[in-house]
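# Observations on the three-dimensional arrangement
Below are the chains, spelled out letter by letter.
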Amino acid sequence: MKRFYPTIYQKSIFEIPYQKLKEQGICLLIFDLDNTIALIDQGEVDEKTKELFRKLQKDFQLVIVSNNNYGRVQPYAEKLQCDFVASALKPLRRGYKKIMKKYGLHKEQMSMIGDQLITDVYGGNRMTGCTILVDPLGKKDLKISTLNRILERMIFRHFEKTGQMKKGVYYE
């Protein structure tokens, strides 16, 4: 079960201790899109997110990695002025390997930030040095995420039962 355990758990992308990540040698942040950066039916990037990305770009390379298609991901990446990988098939390694090769990085220099244990944390634990789980922005999910959410609830129950982690109790 440790493969599903995030390094950091925070309420949202706005609460993450980015300075701590920088001090640990992280130089590239990988963000999931749907329910991490934006609601799944949200078409525009909000100003608060744009401002966060502008600030982060001073210290980090930023990449959006999403299982969603090019038409959904590309406009966000363009508006946030960052790189992206669409149709990434997380938790498979393909998208992460593409980023590592393009930027010439080792896994310890990258962090994965997302709202799902199955795709984002599990995939990130396999291919990055740090995983950060955030609460989903909304309750509405893509249909493909329904099974993941059921499995995720079981994993959270296990973590809670063993005293490792509780949903809504955040840590760095």
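Everything quoted here is computed from the prediction, not taken from an experiment.

Take helix α2 (residues 47-56) next. Within α2, the full set of buried residues consists of Thr49, Leu52, Phe53 and Leu56. An end-on view of α2 places all buried positions within 95 degrees of arc, on one side of the element. Residues of α2 that are exposed and point over 90 degrees away from its buried face: Glu47 and Lys55. Of the surrounding elements, those touching the buried residues of α2 are α1 (18-23), β2 (28-31), β3 (61-65) and α3 (70-80). Between a side-chain oxygen at the N-terminus of α2 and the backbone nitrogen of Lys48 the separation is 3.2 Å; the capping residue is Asp46.

Moving on to the packing of helix α4 (residues 94-103) against helix α5 (residues 117-127). Interhelical geometry of α4 versus α5 gives an angle of 45 degrees and a closest axis separation of 10 Å. As far as their axial angle goes, α5 and α4 are oblique. Regarding α4 and α5, the two cross each other, and that crossing is right-handed. Residues Tyr96, Lys97 and Met100 of α4 form the contact with α5, whose participating residues are Thr119, Asp120, Gly123, Gly124 and Met127. Residues that form the contact of α4 with α5 fall into these classes: three nonpolar, three polar and two charged.

Let us look at unusual backbone geometry. Most peptide bonds take the trans form, and the phi angle of most residues other than glycine is negative. The amide bond that connects Lys90 to the next residue, Pro91, takes the cis arrangement and shows omega of 15 degrees. With respect to the element layout, Pro91 can be found in the loop between β4 (83-85) and α4. Despite not being glycine, Ser87 shows a phi value in the positive range, around 50 degrees. Within the secondary structure, Ser87 sits in the loop between β4 and α4. For Ser87, a relative accessible area of 33% puts it in the partly exposed group.

On to the pattern of salt bridges. Summed over the entire model, instances satisfying the criterion amount to 10 salt bridges. Between Glu44 and Lys79 there is a salt bridge, with its nearest N and O atoms 3.1 Å apart. In this pair, Glu44 is assigned in the loop between β2 and α2 and Lys79 in helix α3, connecting sequence segments 35 residues apart. For Arg54, the salt bridge identified is with Glu51, shortest N-O distance 3.1 Å. Taken together, the residues Arg54 and Glu51, both in helix α2 and three residues apart, mark about one turn of the helix. When its relative accessible area of 42% is taken as the criterion, Arg54 is described as partly exposed. Looking at Glu51, the relative accessible area reads 37%, which means it is partly exposed. Where salt bridges share partners, they join Asp32, Lys90 and Asp120 into one cluster.

Rules used in this analysis
- Residues numbered from 1 in each chain as written.
- Predicted model: local features only at pLDDT ≥ 70, side-chain atom pairs only at ≥ 80, totals over all residues.
- Heavy atoms only, no water.
- Buried < 20%, exposed > 50% of the residue type's maximum accessible area, 1.4 Å probe, protein only.
- Helix = DSSP H or I, 4+ residues; strand = E, 2+ residues; numbered from the N terminus.
- Arc of directions from axis to C-beta.
- Contact = heavy atoms within 4.5 Å.
- Polar contact = N/O pair within 3.5 Å; in protein donor to acceptor, adjacent residues only side chain to side chain.
- Axes fitted to C-alpha atoms, helices over the stretch in contact; angles between N-to-C directions.
- Parallel < 35°, antiparallel > 145°, perpendicular 65-115°, else oblique.
- Left-handed = near helix turned anticlockwise from the far one by under 90°.
- Nonpolar A, V, L, I, M, F, W, Y, C, P; charged D, E, K, R; others polar.
- Salt bridge = Lys/Arg side-chain N within 4 Å of Asp/Glu carboxyl O.

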